[in-house]
Amino acid sequence: MASFRDMTLFSVEGKTVVVTGGSRGIGRMIAAGFVQAGAHVHISARKAAEVEKTAAELGCSSVVADLSTPEGVEALVSAVDGPVHVLVNNAGATWGAPLADYPEHAFDKLWNINVKGVFYVTQRFLPQLRQAAGAEDPARVINVGSIDGIRVPEMDTFAYSSTKSAVHMLTRHLAKQLAAEHITVNALAPGPFESKMMAFALDDPATRAAIAASIPLGRIGHPDDMAGAAIFLASRAGAYLTGTVIPVDGGITC
């Protein structure tokens, strides 16, 4: 048994990590944490200028890929050689509109990227995840869901909340299917963090203060909060967890 002084318990040094939607927001937070922890990181995003700029700033590799399409999935998989120890399915989108005005194409767009994208990226990376998998150190898939897939949010984000709930159930399906192959599948369900999705609320000081006051821990999430949760799941410390959905939300879903 490892000593609690043995910090390799939380090490991800030398692991190959793929983070989708890694150019900004939560994806960037997670990617930055893995880079700083000594992992070899590949990030993907749809916009070339953004993903290349972020990769240069973080010191990792970039791939331009629209993961709502089969061609985008193939582009990402083809760009990453060799075993993949950790796959972080973070790429996603949101859409808000009143019930009477909510468009059908919002469901189509969000289903394609938030759910189908997670499934088919994982499916296509399976050969490389299997190469990295071992009984004592499994390969890891980490899906980024949302607390809005756990509770009904205040905002009218019908498709977003529904697809994130689907991500949580998909996580459990994949975990059960892949456990025998030494591949764990877990989900993180973030609360409020600095991101483009939350900018409409957090950029307004009064709204930001109200959101922070509604969180039991009294603050918006920090980048280290997301990075730390992902690194835990990817390290030896998280090797015995699979099929879990972990809220990273300051206590909102208590």
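To be clear, the structure that these remarks concern was listed above.
Residues numbered from 1 in each chain as written. Predicted model: local features only at pLDDT ≥ 70, side-chain atom pairs only at ≥ 80, totals over all residues. Heavy atoms only, no water.

A.B. asks: Just to check I follow, could you spell out the overall build of the protein chain for this structure?
C.D. replies: For the protein chain, the count of helices and strands is 8 helices and 7 strands. Over its C-alpha trace the protein chain gives a radius of gyration of 17 Å, about what one expects of a compact globule, namely 18 Å for 254 residues. For the protein chain, the residues scored as buried account for 48% of the 254 residues in total. A separation of at least 24 residues holds for 70% of the contacts in the protein chain among residues at least 6 apart in sequence. Summed over its atoms, the accessible surface of the protein chain is roughly 12100 Å², and 57% of this surface lies on carbon and sulfur atoms. On the protein chain, the mean spot of the 20 positive side-chain charges and the mean spot of the 24 negative ones are 3 Å from each other. (Helix = DSSP H or I, 4+ residues; strand = E, 2+ residues; numbered from the N terminus. Rg over C-alpha atoms; globule rule 2.2 N^0.38 Å. Buried < 20%, exposed > 50% of the residue type's maximum accessible area, 1.4 Å probe, protein only. Contact = heavy atoms within 4.5 Å. Areas by Shrake-Rupley, 256 points an atom, 1.4 Å probe, with all protein chains shown as cover. Lys, Arg positive; Asp, Glu negative; His and termini not counted. Charge placed at Lys NZ, Arg CZ, Asp CG, Glu CD.)

A.B. asks: Please explain the sheet that holds strand β1 (residues 16-20) as it appears in this structure.
C.D. replies: Hydrogen bonds between backbone atoms are what pair the strands of a sheet, whose relative direction is either parallel or antiparallel. If you walk across this open sheet you meet the 7 strands as β3-β2-β1-β4-β5-β6-β7, and the pairing is parallel. Two strands close off the open sheet at either side, each with one partner strand: β3 (61-64) and β7 (245-248). Adjacent strand axes in the sheet meet at a mean angle of 20°, parallel and antiparallel pairs treated alike. Of the strand pairs in this sheet, strand β6 (residues 183-190) and β7 are connected by 4 bridges, and their pairing is parallel. Note on β7: the bridge partner recorded for Ala189 is Pro247. (Pairing = 2+ DSSP bridges. Axes fitted to C-alpha atoms, helices over the stretch in contact; angles between N-to-C directions.)

A.B. asks: Before we go on, may I ask you to explain the pattern of salt bridges in this structure?
C.D. replies: Pairs can form between side chains of opposite charge whenever their charged atoms are close. Under the counting rule described, the total for this entry stands at 10 salt bridges. The residue Lys53 makes a salt bridge to Glu57 at a minimum N-O spacing of 2.6 Å. You can see Lys53 and its partner Glu57 sitting in helix α2 (residues 48-58), 4 residues apart, about one turn around the helix. Among the residues examined, Glu57 registers a relative accessible area of 43% and is labelled partly exposed. Among the ionic pairs, Arg208 bridges to Glu194, the shortest N-O distance being 2.5 Å. (Salt bridge = Lys/Arg side-chain N within 4 Å of Asp/Glu carboxyl O.)

A.B. asks: Hey, could you run me through α2 in this one?
C.D. replies: Three- or four-residue spacings in an α-helix give side chains the same orientation, since the helix completes a turn every 3.6 residues. Residues Val51, Thr54, Ala55 and Leu58 constitute the buried set of α2. Around the axis of α2, the buried residues are gathered within 100° of arc, so they sit on the same side. Set apart from the buried face of α2 by more than 90 degrees, the exposed residues are Ala49, Lys53 and Ala56. Contact partners of the buried residues in α2: α1 (25-36), β2 (40-45) and β3. (Arc of directions from axis to C-beta.)

A.B. asks: Looking at this structure, how should I read the environment of Gly243?
C.D. replies: Checked against the element boundaries, Gly243 lands in the loop between α8 (223-234) and β7. Relative accessible area serves as the criterion here: at 23%, Gly243 is assigned to the partly exposed category. In this structure the C-alpha to C-alpha distance between Gly243 and Asp156, which are 87 residues apart in sequence, comes to 28 Å. Non-local contacts of Gly243, meaning those with residues more than four positions away in its chain, are made with Arg172, Ala175, Val185 and Asn186.

A.B. asks: Would you mind going over the side chain of Ser235 with me for this structure?
C.D. replies: The topology assignment puts Ser235 in the loop between α8 and β7. With near-sequence residues (within four places) excluded, Ser235 lies in contact with Leu9, Phe10, Ser11, Val12 and Arg140.

A.B. asks: I'm lost on the environment of Ala166 in this one. Help?
C.D. replies: Counting through the fold element by element, Ala166 comes out in helix α5 (residues 158-178). C-alpha separation for the pair Ala166 and Trp111, spaced 55 residues apart in sequence, amounts to 9.2 Å. Setting aside residues no more than four positions away along its own chain, Ala166 makes contact with Trp111 and Val115.

A.B. asks: Just checking my understanding: could you explain α8 for this structure?
C.D. replies: Taking 1.5 Å of rise per residue, the 12 residues of α8 would be expected to cover 16 Å, and the 17 Å separating its terminal C-alpha atoms lies within 8% of that figure. Inspection of α8 places Met226, Ala227, Ala229, Ala230, Ile231, Leu233 and Ala234 among the buried residues, and these make up the whole buried set. (Expected span 1.5 Å × (residues − 1).)

A.B. asks: Would you explain the packing of helix α3 (residues 70-79) against helix α4 (residues 104-132) in this entry?
C.D. replies: Packed helix pairs are characterised by how far apart their axes lie and by the angle those axes make with each other. Here α3 crosses α4 at 25°, and the two axes come no closer than 10 Å. The orientation of α3 relative to α4 falls into the category roughly parallel. Considering the relative orientation of α3 and α4, their crossing is right-handed. Contact with α3, carried on its side by Val73, Glu74, Leu76 and Val77, involves Tyr120, Val121, Arg124, Phe125 and Gln128 of α4 and no other residues of that element. The residue inventory of the contact of α3 with α4, partitioned by class, reads 6 nonpolar, 1 polar and 2 charged. (Parallel < 35°, antiparallel > 145°, perpendicular 65-115°, else oblique. Left-handed = near helix turned anticlockwise from the far one by under 90°. Nonpolar A, V, L, I, M, F, W, Y, C, P; charged D, E, K, R; others polar.)

A.B. asks: I tried to follow the nonpolar core on my own but got confused; where do I start?
C.D. replies: Across soluble globular proteins, you tend to see nonpolar side chains buried next to one another. Judged by nonpolar contacts, the single largest core of 35 residues is most densely connected at Val18, Leu67, Leu76, Val121, Phe125, Leu129 and Ile183. Of the residues forming this core, the biggest block, 10 residues, is contributed by α4. Membership of the second largest hydrophobic core comes to 30 residues, among which are Val19, Ala39, Met226 and Val248. (Core = buried A, V, L, I, M, F, W, Y, C linked by side-chain atoms within 4.5 Å.)

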